[in-house]
Amino acid sequence: MFETFRDALNMIGLYAAVGFALAVLYNILRFFRLMLPKMRIAAAVSDFLFAMTAGVVLFAYSVDNGMGFFRLYYVFAAAFGFTLNMVTVGLIVPPLARLFGKLFHWFAGKLFGILTIPVNFVCHKATYFYAIIQKYISIFAEKRKIRLQNRRKMMYNNTDHKIGKVYPKGGESRNAIKAKVRKIN
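This structure is a prediction, so every number in the text was calculated from the model and none was measured. (Residues numbered from 1 in each chain as written. Predicted model: local features only at pLDDT ≥ 70, side-chain atom pairs only at ≥ 80, totals over all residues. Heavy atoms only, no water.)

A closer look at the overall build of the chain
Argument step 1. From N to C terminus, the chain includes five helices and zero strands.
Argument step 2. In sequence order, the secondary structure elements of the chain are arranged as α-α-α-α-α.
Argument step 3. Taking all 185 residues of the chain together, the buried fraction comes to 18%.
Argument step 4. Expressed as a percentage of contacts within the chain between residues at least 6 apart in sequence, the contacts between residues at least 24 apart total 76%.
Argument step 5. As displayed, the chain has an accessible area near 16,000 Å², and 69% of this comes from carbon and sulfur atoms. (Helix = DSSP H or I, 4+ residues; strand = E, 2+ residues; numbered from the N terminus. Buried < 20%, exposed > 50% of the residue type's maximum accessible area, 1.4 Å probe, protein only. Contact = heavy atoms within 4.5 Å. Areas by Shrake-Rupley, 256 points an atom, 1.4 Å probe, with all protein chains shown as cover.)

In structure tokens:
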């Protein structure tokens, strides 16, 4: 239950190394966050995931090496290792990330420019072929229309063979009053 001074120093060294390793992981995430600064939501998610990962790692090390106890000096030792990494190796990350960010944006712009040439070519050809196909479809649709014959003796809608079934008592609403017609001689 009680740790000796030697065990405590071993745990401090172990947790300082764990904090240093966690800082390496954080610097990798920070590198990508600084390289692509417009991805703020991804940065927030990665920070949250890092915090969860760091908590799980510290807990796992306390269960495995700390005999199931989690002491406050474990956190201080991990924070010391983290800070040591950030002060030494972590100082290189921001300028290096900005340099790689500029190189990435330049390379992505060139690649995008190269890829847009065939895409634009295909789009222009597709538009041209679509216009030709649309022209032929409109001609076919115009020819397919059934037109009324234009003869003087032809009379359309002459038969009303279904009108008695649809309107048995006359009127469009089926309950209209029939008009009485008087014949004048």
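Concerning the environment of Asn65
Argument step 1. Along the chain, the position of Asn65 falls in helix 2 (residues 40–65).
Argument step 2. The class of Asn65 is partly exposed, set by a relative accessible area of 32%.
Argument step 3. Dropping the residues within four chain positions of it, Asn65 is found in contact with Met11 and Leu14.

So, the nonpolar core
Argument step 1. Listed in full, the twelve residues of the largest apolar core are Met11, Tyr15, Val18, Leu22, Tyr26, Phe50, Ala54, Leu58, Tyr74, Ala77, Ala78 and Met86.
Argument step 2. At the level of secondary structure, the elements contributing two or more residues to this core comprise helix 1 (5–35), helix 2 and helix 3 (72–87).
Argument step 3. Per-element accounting of this core gives the leading share, five residues, to helix 1.
Argument step 4. Residue contacts for Phe50: discarding those within four places in its chain leaves Leu22, Leu25, Tyr26, Leu29 and Phe82. (Core = buried A, V, L, I, M, F, W, Y, C linked by side-chain atoms within 4.5 Å.)

Here's the deal with the packing of helix 1 against helix 2
Argument step 1. Axis separation between helix 1 and helix 2 bottoms out at 11 Å; the angle between their running directions is 165 degrees. With respect to each other, helix 1 and helix 2 are oriented roughly antiparallel. The interaxial crossing formed by helix 1 with helix 2 has right-handed handedness. Along its contact with helix 1, which presents Met11, Leu14, Tyr15, Val18, Leu22, Leu25, Tyr26, Leu29 and Arg33, the element helix 2 presents Ala43, Ser46, Asp47, Phe50, Thr53, Ala54, Val57, Leu58, Tyr61, Ser62 and Asn65.
Argument step 2. Partitioned by chemical class, the residues of the contact of helix 1 with helix 2 number 14 nonpolar, four polar and two charged. (Axes fitted to C-alpha atoms, helices over the stretch in contact; angles between N-to-C directions. Parallel < 35°, antiparallel > 145°, perpendicular 65-115°, else oblique. Left-handed = near helix turned anticlockwise from the far one by under 90°. Nonpolar A, V, L, I, M, F, W, Y, C, P; charged D, E, K, R; others polar.)

Some thoughts on the pattern of salt bridges
Argument step 1. If you walk through the whole model with that rule in mind, you get one salt bridge.
Argument step 2. In this structure, Arg33 and Asp47 form a salt bridge, with 2.6 Å as the shortest nitrogen-oxygen distance. Of the two residues, Arg33 is situated in helix 1 and Asp47 in helix 2; the sequence distance between them amounts to 14 residues. (Salt bridge = Lys/Arg side-chain N within 4 Å of Asp/Glu carboxyl O.)

A short note on the side chain of Arg30
Argument step 1. Relative to the helices and strands, Arg30 resides in helix 1.
Argument step 2. Buried charged residue Arg30 carries no salt bridge. Nearest counter-charge: Asp47, at 9.0 Å.
Argument step 3. Within polar-contact distance, the side chain of Arg30 engages the backbone oxygen of Gly90 at 2.5 Å.
Argument step 4. With sequence-adjacent residues up to four places away left out, Arg30 is seen in contact with Met86, Gly90, Val93 and Pro94. (Lys, Arg positive; Asp, Glu negative; His and termini not counted. Polar contact = N/O pair within 3.5 Å; in protein donor to acceptor, adjacent residues only side chain to side chain.)

Examining helix 4 (residues 93–144)
Argument step 1. Its 52 residues place the ends of helix 4 71 Å apart at the C-alpha level, agreeing with the 76 Å of an ideal helix rising 1.5 Å per residue.
Argument step 2. The largest bend in helix 4 is about 25 degrees, located at Thr116, with the proline Pro118 one to four residues further on.
Argument step 3. For helix 4, the full list of buried residues reads Val93, Pro94, Ala97 and Gly101.
Argument step 4. Looking at the buried positions of helix 4, the neighbouring elements they touch are helix 1. (Expected span 1.5 Å × (residues − 1). Bend = angle between axes of the 7 residues up to and from the residue.)

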